Amino acid sequence: MKKDQPMQRTNNAGPGKRDFLLSLVIPCYNESARVGIMLQGLAELNEKWQGDYEVIVVDDGSKDDTVQKITTALDGEHAALKSRITIERMPANGGKGAALKHGVALAKGEYILTLDADMSTRPTDLLAWEKRERGLFDGSRVVYIGSRKHEEGNVQALQSRRFIGGIFNGVVQMFTSLRLSDTQCGFKLYPRDVAKFLFGNMQSTGWAHDVELLYQADLNDIRIVEMPVTWVNMPDSKVNVVKDSIKMFFGVLTISLRTWLYNTFRLPLRMPSEATAEQKARIRGRAVFNILALLLVILMPLMSFQYAVTGDEHWHFDYGNAIYNYFFHGDTEAQTATTGIQYYGGIFDFITAFVFNVFHPWDHYTTMHFINAVVGSIGIIYAGKLARFFAGWNAGILAMLLLVFSPSWFGHNFANPKDIPFSVGYTAGIYFILSYLRSLPRPMARHTLGLIAGIGWAMGVRIGGFLLIAYLLLFLLCYGVYSKQLKTVFSGKVIKQFAIVAAAGYLIAVLFWPYSHLGIIEKPLEALKIMSNFFVNIGMLYDGSKILSNQVPWYYIPRYILYTAPLVALIGSGIGIVVMAKLYKTDRQKFVFSLFLLFTIVFPVAYAIYKKSSLYDGWRHFLFVYPPIVVIAAMGWNALTSSANKGLKYAGIALLAGGIALPARFMAANHTYESLYYNEIAGGLKGMYGRYETDYYMLGIKEATEWLVKNEHIGDKKVIIGTSTTYPMLAALYQENRKNLPSKYQDVYERYAHFERNEAYMEFAKSHPDFKDAFNPLVIYAGYNVRYTKDWDYYIGFSRFIDAAVLNSGNWPPEETIHIVRVDGVPIAAVLKRKTKKDLAGFNLMKEKKYTEAKEMFLQAVKEYPGNDMAWAELLRLYEAEGKTDSALYAGYKVLAKNPADINVNQEMGGIFLKQQKVDSAIALYKRLQPYSKSYSHFFLAYTYAVTGNANAAFTEIDNAIAADPYNDQAYKLGIQIAQQTRDMGRAEEYTTKAAKYFPPQEAEE
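Residues numbered from 1 in each chain as written. Predicted model: local features only at pLDDT ≥ 70, side-chain atom pairs only at ≥ 80, totals over all residues. Heavy atoms only, no water.

### Section: the overall build of the protein
Across its full length, the protein holds 42 helices and 16 strands. Each of the three principal axes of the protein carries a C-alpha extent, and together these read 130 × 75 × 65 Å. Counting every position in the protein, which comprises 1006 residues, the buried fraction comes to 56%. For the protein, the share of sequence-separated contacts (at least 6 apart) that also reach a separation of at least 24 residues comes to 74%. (Helix = DSSP H or I, 4+ residues; strand = E, 2+ residues; numbered from the N terminus. Buried < 20%, exposed > 50% of the residue type's maximum accessible area, 1.4 Å probe, protein only. Contact = heavy atoms within 4.5 Å.)

### With respect to the packing of helix α9 (residues 277–303) against helix α14 (residues 393–404)
Interhelical geometry of α9 versus α14 gives an angle of 25 degrees and a closest axis separation of 8 Å. When the interaxial angle is binned, α9 and α14 end up roughly parallel. The two elements α9 and α14 meet at a crossing, and its hand is left-handed. Across from Arg282, Gly285, Arg286, Val288, Phe289, Leu292, Ala293 and Leu296 in α9, the residues of α14 making contact are Trp393, Asn394, Gly396, Ile397, Met400, Leu401 and Val404. Tallied by class, residues from the contact of α9 with α14 come to ten nonpolar, three polar and two charged. (Axes fitted to C-alpha atoms, helices over the stretch in contact; angles between N-to-C directions. Parallel < 35°, antiparallel > 145°, perpendicular 65-115°, else oblique. Left-handed = near helix turned anticlockwise from the far one by under 90°. Nonpolar A, V, L, I, M, F, W, Y, C, P; charged D, E, K, R; others polar.)

### So, the nonpolar core
Grouped together as the largest cluster of nonpolar side chains are 227 residues, with contacts concentrated most on Ile380, Phe390, Leu434, Leu437, Leu476, Ile557 and Tyr626. With residues near it in sequence (within four places) discarded, Leu437 still touches Phe475, Leu476, Tyr479, Phe593 and Phe596. Ranked by size, the runner-up nonpolar core spans 39 residues in total, among them Val35, Leu74, Cys185 and Trp231. (Core = buried A, V, L, I, M, F, W, Y, C linked by side-chain atoms within 4.5 Å.)

### What to know about the side chain of Gln497
Here Gln497 lies in helix α20 (residues 492–511). Contacts of Gln497, omitting those with residues within four sequence positions, involve Tyr436, Pro443 and Thr448.

### Points about the environment of Tyr436
For Tyr436, the location among the structural elements is in helix α16 (residues 419–438). Of the residues examined, Tyr436 reaches a relative accessible area of 2% and is grouped as buried. Linking Tyr436 and Leu507, residues 71 residues apart in sequence, is a C-alpha distance of 20 Å. Once you skip the residues sitting within four places of it in the chain, Tyr436 turns out to touch Pro443, His447, Thr448, Leu451, Leu472, Leu476, Val494 and Gln497.

### Points about the sheet that holds strand β13 (residues 778–781)
The strand order across the open sheet formed by five strands is β13-β12-β14-β16-β15, and the pairing between neighbours is mixed. Of all strands in the sheet, those bounded by a partner on one side alone are β13 and β15 (817–823). Direction aside, the axes of adjacent strands within the sheet are offset by 20 degrees on average. In the packing of helix α29 (residues 726–738) onto the sheet, the strands contacted are β12 (720–723), β13 and β14 (794–798), and the crossing angle to β13 comes to about 165 degrees. (Pairing = 2+ DSSP bridges.)

### Re the packing of helix α35 (residues 869–882) against helix α36 (residues 885–898)
Orientation of α35 relative to α36, taken along the N-to-C sense of each, is 155 degrees, at an axis distance of 8 Å. Looking at the two axes, α35 sits roughly antiparallel to α36. Seen from above, α35 lies across α36 with left-handed handedness. Residues Asp869, Trp872, Ala873, Leu875, Leu876, Tyr879 and Glu880 of α35 form the contact with α36, whose participating residues are Ser887, Ala888, Tyr890, Ala891, Gly892, Lys894, Val895 and Lys898. Of the residues contributing to the contact of α35 with α36, the split by class is nine nonpolar, two polar and four charged.

### Quick notes on the environment of Arg223
Mapping Arg223 onto the fold places it in strand β8 (residues 223–228). Residue Arg223 is classed as partly exposed on the basis of its relative accessible area of 30%. As for Arg223 and Val142, which are separated by 81 residues in sequence, their C-alpha atoms are 4.8 Å apart.

### Quick look at the confidence of the model for the protein
Averaged over every residue, the pLDDT of the protein is 90; residues scoring 70 or more account for 92%. Predicted confidence for residues 1–15 stays below pLDDT 50, and this span has 37 contacts to residues more than four positions away or in other chains. (pLDDT = per-residue confidence, 0-100.)

### Observations concerning the environment of Ile452
Examined against the element boundaries, Ile452 turns out to sit in helix α17 (residues 445–461). Judged by its relative accessible area of 12%, Ile452 falls in the buried class. Placed 479 residues apart in sequence, Ile452 and Pro931 show a C-alpha to C-alpha distance of 53 Å.

### Section: the pairing of strand β11 (residues 545–548)
When strand β10 (residues 539–542) meets β11, the two strands line up antiparallel, connected through four bridges. Considered in β11, the bridge of Leu541 is made with Lys546. The turn linking β10 back onto β11 is made up of two residues, and Asp543 within it adopts a positive phi angle of 55 degrees.

### Some words on the pairing of strand β4 (residues 111–114)
Alternating residues of β4 divide into Tyr111 and Leu113 and Ile112 and Thr114, and every residue in both groups is buried. Where strand β1 (residues 18–28) and β4 come together, four bridges link them in parallel fashion. Pairing of Ser23 across the sheet is with Ile112, part of β4. With four bridges joining them, β4 and strand β7 (residues 188–191) adopt antiparallel strand pairing. The partner of Tyr111 across the bridge, within β7, is Pro191.

### Section: the packing of aromatic side chains
One pass over the full model with this rule turns up 70 aromatic pairs. Ring geometry for Trp49 versus Phe137: centroids 6.1 Å apart, planes at 75 degrees, classification edge-to-face. Here the residue Trp49 occupies a position in the loop between α1 (35–48) and β2 (51–59), and Phe137 occupies one in the loop between α4 (125–132) and β5 (142–147), the gap between them amounting to 88 residues. Classification of Trp49 by relative accessible area gives buried; the value is 5%. Across the ring face of Trp49, the terminal group of Arg18 is positioned such that the distance to the ring centre comes to 4.0 Å. Here Arg388 stacks its cationic end above the ring of Trp393, 4.1 Å away from the centre of that ring. (Phe/Tyr/Trp six-rings, centres within 6.5 Å; stacked < 30°, edge-to-face > 60°. Lys NZ or Arg CZ within 6 Å of the ring centre and 35° of its normal.)

### Some remarks on a nonpolar patch on the surface
Together, Leu257, Leu261, Phe265, Ile291, Leu294, Leu295, Ile298, Leu299, Leu302 and Phe305 make up an exposed nonpolar region whose accessible area comes to about 840 Å². With respect to the helices and strands, Leu295 occurs in helix α9. (Patch = residues over 30% accessible without salt bridge, like charges linked within 9 Å, V, L, I, M, F, W, Y side chains within 5 Å. Areas by Shrake-Rupley, 256 points an atom, 1.4 Å probe, with all protein chains shown as cover. Salt bridge = Lys/Arg side-chain N within 4 Å of Asp/Glu carboxyl O.)

### Topic: the sheet that holds β1
Across the sheet, which stays open at both edges, the seven strands sit in the order β3-β2-β1-β4-β7-β5-β8 with mixed pairing between neighbours. Across the chains shown, the open sheet's two edge strands, defined by having one partner strand only, are β3 (85–89) and β8. Within the sheet, the average angular offset between the axes of one strand and its neighbour, ignoring direction, is 20 degrees. The sheet contacts of helix α2 (residues 66–75) involve β1, β2 and β3, and relative to β3 the element is tilted by about 160 degrees.

Quick look at the structure:
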């Protein structure tokens, strides 16, 4: 039902005689001095109103002679009113709201007018309303309210009262959905059913009851129309401007919460009898939305305690502590960092450090996870609000559910202190931008403040939040052109608000960003320039090959979204695009807004493609575009599941349920590893194993470390643990040991969470015998591919940075593994127990150039552990140096059995074949390398053809090597060398030009 759709009963007698009963309800409390004014106003109505009416005067426990004066006047001067007026006496003063509620309950009229006893607005103003609004008494579900700010009104009020009223109205707009300029004028006209519903469910008893009534009306799609009034500020008015405004301020806060609770838990169980099916569905939808939002805010932080520390979190907590020390201890480390962290805003990191240092609720990583989850839940709710903005409560519910059941996105909400907080600000910012545009030319205070908060938060996490300011300006311009109201949209008021929003948001961001304090304009601009193409050259597994993060194809982000977003979101977004297109005919404004939403998805991705940005770790840096994608998907599924076509509707419900069940199964089976999810298009996690990164965030290290502590009892041993992922493992050890510490020492232990046993720590431990050492095991860093060159007893590694050939051949985890952490059947982390240290002795002897003794150690090592590929690789080199090529090749094949993609071993074995003049064997070897490393396979083949005098074949292979990897600098060098030797200077120049594109020549130093 539309807000202005008439009720079933219609009473309209036209401009003449009115055939309906009008009820006037007037609350009174100690109004003795104004009884004469009140009765005079009613006498005017009695003279001019052509129709039946009743007046209910509710005495709210007056302590003066108000009732006596009214009775006396009705027996004398105003006897004509006696039959019209009923006096109701409340046993005690309950407040204006309580008095009105009592009076409305007794009212019998088809329409009910509430007004104040001081007659600031005379009841005869109703006649002017009737002339102005011909549908005033047509039975519509409309509440007409007097507005002292209406441009057609005649208002005589004190300036101080106007000022306080303006502030109060801003508070109302901040905490409710009301867009009214004046809620507090007592002159209001209700249809009876509407009045009975609103007052019957009203909880407020004091002055602020008006806000609750109108807020509830707005939430229940009852239209509210502001009307002009003649209003005079009575000298003896009972309103105390300052005192009552303060009371109203806190009253609004209470009303907002109470209304939320009522609409969530009570109203759905006591539906209004006159509500239509559509209205009942809307009431239920809002309740479900609110309950789901509440569950998210409660459950997500509780879930956060189970999640592992990731590879980046130590940077953020250290940064947060540095900012905390900057503000409270004058330390400047947050300004002088050189790791790149200084280019990030510090608002989230500072909050986590502040909570930890001041309140110390848990260890610092757990504290960060808890706050991360709280912030993440807010982001999901704002995505739901954004979907509701476009398609109603059910779409909002669907958006929240789709985000929860998007494992690859949802899993980041618990341990990603950078990308999720930014995503929250980005989503909220979009919501408030669109809400601001829709409320033009009179934007609401809550939208303006929401914009400031969203922009400030997003920029306070990453300088890329500046996009929200650009979006606001761009969308204002586009909306002005679309609506043909460019002058209105860019009025002085709106321009002023834009400037305030941009400046205030910017100031919030830089407030918690110490680096920006070195130059409040200069440094953020520097960060924006650097972060637009942040260069981090990380090796990663992509489509079965190892590439660097600056070599990703243009479709890197779209492909990752295609592979990791659940099918239900992808299909829904496709349907949603169709729904958006249909809005062009049905709701042009929403169509324009949907284009704005689409732009917020496409532009950041397109810009990254254009800038050829360095990308890695899947698409976590672009998680912020996913909530808008899900909003479109929610629009699609909402349209399908609410279709008038029953077959289409039930098919949509079945598809939606099945689509959610697929990722839900993965989440249930692999809790805390949700972010490792790949969808059915990708073949699931198993289908991606050995082709794409799985546990790039090192989540499996926590489980591996906990297993090692529990099952190998290392807490009481002086053992060495090697690892390729130091900080997550240290964090897991730290959290495990912290449980056993006396509480009085936990704050000391926090300062040494990374096991830095400095002199101060050791001195403290000696002077406090009951203080347990941080942990007996010694932790060292050892890259997986050089692990045997380090001294360790146990080794904890994860699947990242392992060659695809090793993963796909089943050679990882290696044979000395004693425990494997699996997700959906895929190994992501492993605990190794060293079988021999003869290999370590061999590597140490190699450093001393004692090659004969080293070879003996390596031979003993492979005898004790035949799968030791690193020992076999050293034997290959030692045998080759001795001229024992057959033994060298034997050792080389042992290596390739474990890692067919070992570039160095392939090159060395190929060299041996060439020395033996076994060209065909070298070519065959290099071709077998092709599935694992196309570029190097072609490069080695090019070299082979070059040394055997086949320049043309060499050039073909060089071209193939460059095509496979344009960053293979050795291929360019070899091509230039061969071209120069064959005097093909044109080709040499061609290779030089191509190389310069990827390897710009360095400027010579002066």
